[in-house]
Amino acid sequence: MRLRVAAGGPAALKVLAAAGAAAAPVRLVWGGPIGETAAAAAPLPGRDPLAPAPVIPTPRRGPPGLMGLLPPVERPLAPLSPPWAPALELDSGTVLFSPNAICQFFFLARGEEPTDLTNQWLEWEATELQPAASAALYAQLVHGRKGLEAVEALGKLLAHIEQNLSRRGTAYLAGDTKSVADVVVWGTLFPVLQDETSLPSELQVLRTWFQSMTLSEACRKAADSVLMPKALLEFKSYLQKQPPPCLAMERITSNEPEEEEGSEPALTEEEITAAVDAWAHGAAALPKPWQPQKPVLPVEGMRNVLITSALPYVNNVPHLGNIIGCVLSADTFARYCRLRNWNTLYVCGTDEYGTATETKAVEEGLTPQEICNKYNAIHADIYRWFDISFDYFGRTTTPYQTTIAQDIFQRLLARGFLLQDTVEQLQCEDCQRFLADRFVEGTCPFCSYEEARGDQCDKCGKLINAVELKNPQCKLCRGVPVVKPTQHLFLDLPKLEEQLEPWLEQSWATGDWTANARYITRSWIRDGLKPRCITRDLKWGTPVPLDGFRDKVFYVWFDAPIGYLSITANYTDQWERWWKNPQQVELYNFMAKDNVPFHSVIFPCSLLGADDNYTLVNHLIATEYLNYEDGKFSKSRGVGVFGDMAKDTGIPADIWRFYLLYLRPEGQDSAFSWSDLMLKNNSELLNNLGNFINRAGMFVCKFFGGTVPDMVLTPDDKRLLARVTLELHQYHQLLEKVRIRDALRCILSISRHGNQYIQVNEPWKRIKGDEKDRQRAGTVTGVAVNMASMLAVMLQPYMPSVSLAIQGQLCIPPDCFVLSHNFTCTLPPGHRVGTVSPLFQKLEHDQIEALRKRFGGGQPEDLAVEPQAKQTPPASEPPPAPVTLTAPGDPQLIQELTEEVAKQGNHVRQLKANKAEKAQVDTEVAKLLELKKQLALAEGKSPEVPVPKGKRKK
C-alpha cells in the first residue's frame, strides 16, 4: 500500500506518526498541491531515517515503520480533495482520504482493535478539536498571531483533555498504553502548540501527556519530516488564498455554558423584515394547540412520536444521575413534542423481574412481589414530584408482559433463531442453587475492578459471564461458588446479524442516534455477535414456555425491553397501533450509555427475528454519567442526593429540573456540585431569567396600569425581534436533534438580550419624560413582556411549574401555549396582565453548605435543613411576600460577588503557597473563575472569563 502526504500539511503529521507507531509497511509518496513526488526507501523500524527534504521532488524517508522504494514511473495517486490532505491507497485499489480513517487502519492492521473510548476520542477530535485547531493554525500562519493566543482559543478543549486524563488516572487517553486516539489528538495539537511549554502550568496532566507523546520516536520523527520551514511557507502560501476557517457552533460539553462570542453575527435585511412580518401577524398566526384523544393513539397524517425512557430497576431509589439519564430527559423532549403539536405518547415503568429483585427481597426480608409493590410506589411518587409527564407509568409484573414476551419467544423459536446449549454456571453449594448473575460479585476480567457484577462491570461497562469473574463470591452467603453445567436457551445473534446490520444502517442514516450510542453499537458489531443466553435459573420472572425449561425464567435483558410493549398494552388495548406500526410511528429511546447494547442490538434482534412488523427504534438517545461532586452517588454511604431526598431539601422541583438539564451529560460525564447549583440559581435563574420576566411584567403593572401599551417599533426594536427569532430557530434545531442541554442556553440567551434591552432603554426613566420618551417606554415594555410570554412557552419543557406561573401572572391565553418558529406579538396592546411576583428565591451560602454536609456521607439522613421558600404558585393562589430582585448593575449583588471573588482568590493563593494537592487547587480555581463570571454578569459585562494564565517556562 502507498501513503501520499504533503510536507507542511498538518494532517500529514498524525498520519505519519500513526504509521510509525503501528510499524505500518507503507510506501511514501511526498507531494503537495503543486505536484507529487516519489519517495525514497524509508527505513525499517530501528534504523535512522535520512534528513527530511523540502516539498520539491527529492527522495525522502519517513518515520520508522514506513518502508519500500516507490519508483517514479509508477502511476500517481488520484488527485486529492482537499489539497494537502493525505491519501492511503490499499493493495486492493481502495483509497482512504480521511486522516483519522488512515490512522485507524494502521492500528487495525497491527491487530489493535479500537475501543469505545478511542472511538469517542476520534469523533471528538474530528468534530470539536480539529475545527478549532485549524482556525488557530490559520490565525498563526496567516494573521501572525502568537502561540499564546492560539492556546487561549483552545482553552475549553485543552481543559477537556486535562479533565479526562485526570479523572481516569491513566497515562494515555484511552488507557495505560498509547492508542490511535493519542496519536490523532497529538497530531492535531502539535502544529499549534509545538511543545508542552505553551500549555498553561495548571494543565499539568495534559503537559505530561503531551511531552510524552512529543518525545516518542514515531511522533518526533513525523514532526521532523513534516514541519519543515520551507514546507510551512508553501502551506502558508496555500492558506492565504483560502477563506478563514468558519467554526460551527461550539459543541464541547461541560458544566459551563458556551461562552458567547465577542460580537454577534450580523443580521441580514431579509431576516429583520421576516421577523417584523411575523411579529405583526400576532397570535392569529400561531397553530392551534393539539388536544389528543385519550388514550393517545397514532393519527394518520400527523407526526406520531412514541417515547420511552429506560425502565428503572424497581429494587432501588433513583439518584439524580438516574433521573437525568432517563426519565427527565425523555420528559423534557416529550413536553417539547406536545408543544409542537406532535401526537406524542410517553410511557415508562418499573423493571420488576430478575435477580436484582430477588436480591433486594432477601436483604429486606420481603417477598419479591412485596418489594415490587413497595418500590414501584416510591418511584411513582418521586417522578410525580419531579413533574414527569408520563402518559402512563406502569410495571413489568403484569399478565400482558407474560403474554407478549412468550409470544415473541415462540415466534423466535418457530423461525429457528433460538439455540440450546449446556453452559458452565456458578453454583453455591451452601445455598444449594445456581447463582444468577446478580448473585455473584468478583474481579472484572477486563479492568480488574474488584466489585464487578456477574453480568456487567460498572467500571469499564463490558458485559461479563459470571464464570469469567476472578475471585467470585456468592452475594447471599459470601461463600465461594463452584462451576457446574446447566442447560439454557440462547438467542442466535450471529444468525440475526444479516437482518440487524441493514436495519442499523437505515436507522443511523434517517434517525438521530447520539455519538456514544453509535460507538457502543459499532463495537458490538465489529467484535462479531455471539449467541446470547436468554434464560436464567430463577423463580421470579416470566416463565419460559418450553418443555425442559419450565423451571427457568427469561433473562431480564431479553424480558425487560418487552416491558415497553406490555406497559403500553396496560395503557390501551390498542397497543399494537403503536408497536406494530413502523410506517406511522417514530420511536425515541432514552437511556444512559450502559443500556445501549440491549436497545440497539439485543432487543432489535428479538423483534426482527419475531417478524411481526414491530416498531423499532428510530432515535436512540444515550447520556454519559452524572457524578456527585468529586465521586459517585452511594445510597449505602449516604453520598449524593436521591430522588426521595430532593423534596426534603426545600429546593423546588423546577430548580432541580433546571440544574440537572443545565449540566445534562450529553457528550461527556458531568458532575453535580452544590456550589454550582447555588451559582446557577442565583445568576442564571434569579438574576437573569427571573429578573427579566419580573421586570417586564412589573413595568406593565407599575407604569401602564396592568395593560400592555402601544408599541412603535424602531430599527433597534426590529433588530431585537430578528435576534430573538434566530435564538428561537436555534432552540428548535437543537431540540429536534434532542440536544436538550444546549437548547436551554437559547432560553437564557434570550433573557440576556431582554435584560440588555431594558438596561439600554431605561423605561423607568423615560416614563417620566416627554411624550416621545413615554412612547418609547411603552414600546420597550410591550416588546419585553412579549419576550417574557414567549419564554414562558419555551421554558415549559424544562420548568413546567415556573412556566405555568408566568402564564398565570401575564394572563397568557391558552391558545398561545404552542411553539412556532416565529416570535409573534401574543400580548397585543390592551392585553391585561395579572399580579406579577418574583419567580425565584436566592439560595444562601449557609443553606447550601448545610446540604453539602448532609449529603456528603456519614451524616444521618434526617439532619434538619432550613427549607427554602417555595416557588411562586400560579396566579390563582396568594403570592408569597415580595422579594427584592437583583438586576444587572445591582450594587448589593456586585458588592457581594466582589467580596466572594477576593475571598476565593485569597483561598486559592493560600492553597498554592501551601503546595496543596493539584486536584484541590484545580477545583478551587474553577470556583474562582465561576465567581468572576457571575461578577461580570452582574456588572452588565460579557460573562466571558479568560482561560487562566499560569506561569510558563521561558
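Right above here is the structure, for reference.
What comes next concerns the included structure. (Residues numbered from 1 in each chain as written. Predicted model: local features only at pLDDT ≥ 70, side-chain atom pairs only at ≥ 80, totals over all residues. Heavy atoms only, no water.)

Examining unusual backbone geometry
Residue Pro295 is reached from Lys294 by a cis peptide bond, and omega for that bond is -5°. Topologically, Pro295 is positioned in the loop between α10 (269-281) and β6 (304-309). Even without glycine at this site, Asn341 takes up a positive phi of about 65°. Within the secondary structure layout, Asn341 lies in the loop between α11 (320-339) and β7 (343-350). We note that Asn613 has phi near 55°; this positive angle belongs to a residue other than glycine. Take Asn613: it is sitting in the loop between α20 (596-610) and β19 (619-623). (Helix = DSSP H or I, 4+ residues; strand = E, 2+ residues; numbered from the N terminus.)

What to know about the nonpolar core
If you look at the biggest cluster of nonpolar residues, it comprises 187 residues, and the most contacted ones within it are Ile307, Ile408, Trp656, Trp674, Tyr731 and Tyr798. The contacts of Trp656, once residues within four sequence positions are left out, are Leu320, Trp385, Phe386, Val641, Ala646, Thr649, Ile651, Phe672, Trp674 and Leu677. Counting 59 residues, the second-largest nonpolar core is a separate cluster that includes Ala17, Ala24, Leu129 and Val185. (Core = buried A, V, L, I, M, F, W, Y, C linked by side-chain atoms within 4.5 Å. Buried < 20%, exposed > 50% of the residue type's maximum accessible area, 1.4 Å probe, protein only. Contact = heavy atoms within 4.5 Å.)

Focus: the side chain of Thr397
Checked against the element boundaries, Thr397 lands in the loop between β8 (392-395) and α14 (399-414). Take Thr397: its relative accessible area is 18%, and that puts it in the buried class. Polar contacts involving the side chain of Thr397 include one to the side chain of Glu352, which spans 2.4 Å. Here Arg395 takes part through its side chain, which lies 3.5 Å from a polar atom of the side chain of Thr397. Discounting chain neighbours no more than four positions away, the residues touching Thr397 are Glu352, Tyr353, Gln369, Cys372 and Trp540. (Polar contact = N/O pair within 3.5 Å; in protein donor to acceptor, adjacent residues only side chain to side chain.)

As for the sheet that holds strand β12 (residues 452-453)
Taken together, three strands build an open sheet; the order of strands is β12-β11-β13 and the sheet is antiparallel. The outermost strands of the open sheet, each flanked by one partner alone, are β12 and β13 (470-474). Direction of pairing for strand β11 (residues 440-443) relative to β13: antiparallel, over a ladder of three bridges. From the neighbouring strand, Thr443 faces β13, where its bridge partner is Lys470. (Pairing = 2+ DSSP bridges.)

Things to note about the packing of aromatic side chains
Overall, the coordinates contain 32 aromatic pairs when judged by the stated rule. Between Tyr353 and Trp540 the ring centres are 5.4 Å apart and the planes differ by 65°, which places this aromatic pair in the edge-to-face class. On the criterion of sequence distance, the pair formed by Tyr353 in the loop between β7 and α12 (355-364) and Trp540 in the loop between β16 (535-536) and β17 (553-554) is long-range, its members being 187 residues apart. Across the pair, exposure class does not vary: Tyr353 and Trp540 are buried alike. (Phe/Tyr/Trp six-rings, centres within 6.5 Å; stacked < 30°, edge-to-face > 60°.)

Re the sheet that holds β19
One open sheet accounts for five strands, arranged β8-β7-β6-β18-β19; its pairing is parallel. Pairing within the sheet leaves two strands with one partner each, and these edge strands are β8 and β19. Strand-to-strand twist in this sheet, taken as the mean axis angle between neighbours without regard to direction, amounts to 20°. Here β7 runs beside β8; their pairing, made up of four bridges, is parallel. For Thr350, the partnering residue across the bridge sits in β8 and is Arg395. (Axes fitted to C-alpha atoms, helices over the stretch in contact; angles between N-to-C directions.)

Points about the environment of Gly548
For Gly548, the location among the structural elements is in the loop between β16 and β17. As a C-alpha pair, Gly548 and His488 span 60 residues in sequence and 9.6 Å in three-dimensional space.

Details of the side chain of Lys680
By the element assignment, Lys680 lies in helix α23 (residues 674-704). Among the residues examined, Lys680 registers a relative accessible area of 1% and is labelled buried. Engagement of the side chain of Lys680 in a polar contact is seen with the side chain of Asp676, the distance being 2.4 Å.

Digging into helix α6 (residues 180-193)
Look at α6: 20 Å from first C-alpha to last across 14 residues, which is about the 20 Å you get at 1.5 Å a residue. At Gly187, α6 shows its largest kink, close to 25°, and the proline Pro191 lies no more than four residues downstream. Where burial is concerned, most of α6 is hidden: 14 out of the 14 residues are buried. (Expected span 1.5 Å × (residues − 1). Bend = angle between axes of the 7 residues up to and from the residue.)

Some thoughts on the pairing of strand β9 (residues 418-428)
Two elements, β9 and strand β14 (residues 482-491), share ten bridges in a ladder whose sense is antiparallel. If you follow Leu418 over to β14, its bridge partner there is Leu491. If you look at the hairpin formed by β9 and strand β10 (residues 433-434), you'll find four residues sitting between the two strands, and Gln432 has a positive phi there, around 55°.

All quantities given are derived from atomic positions and should not be read as evidence of function.
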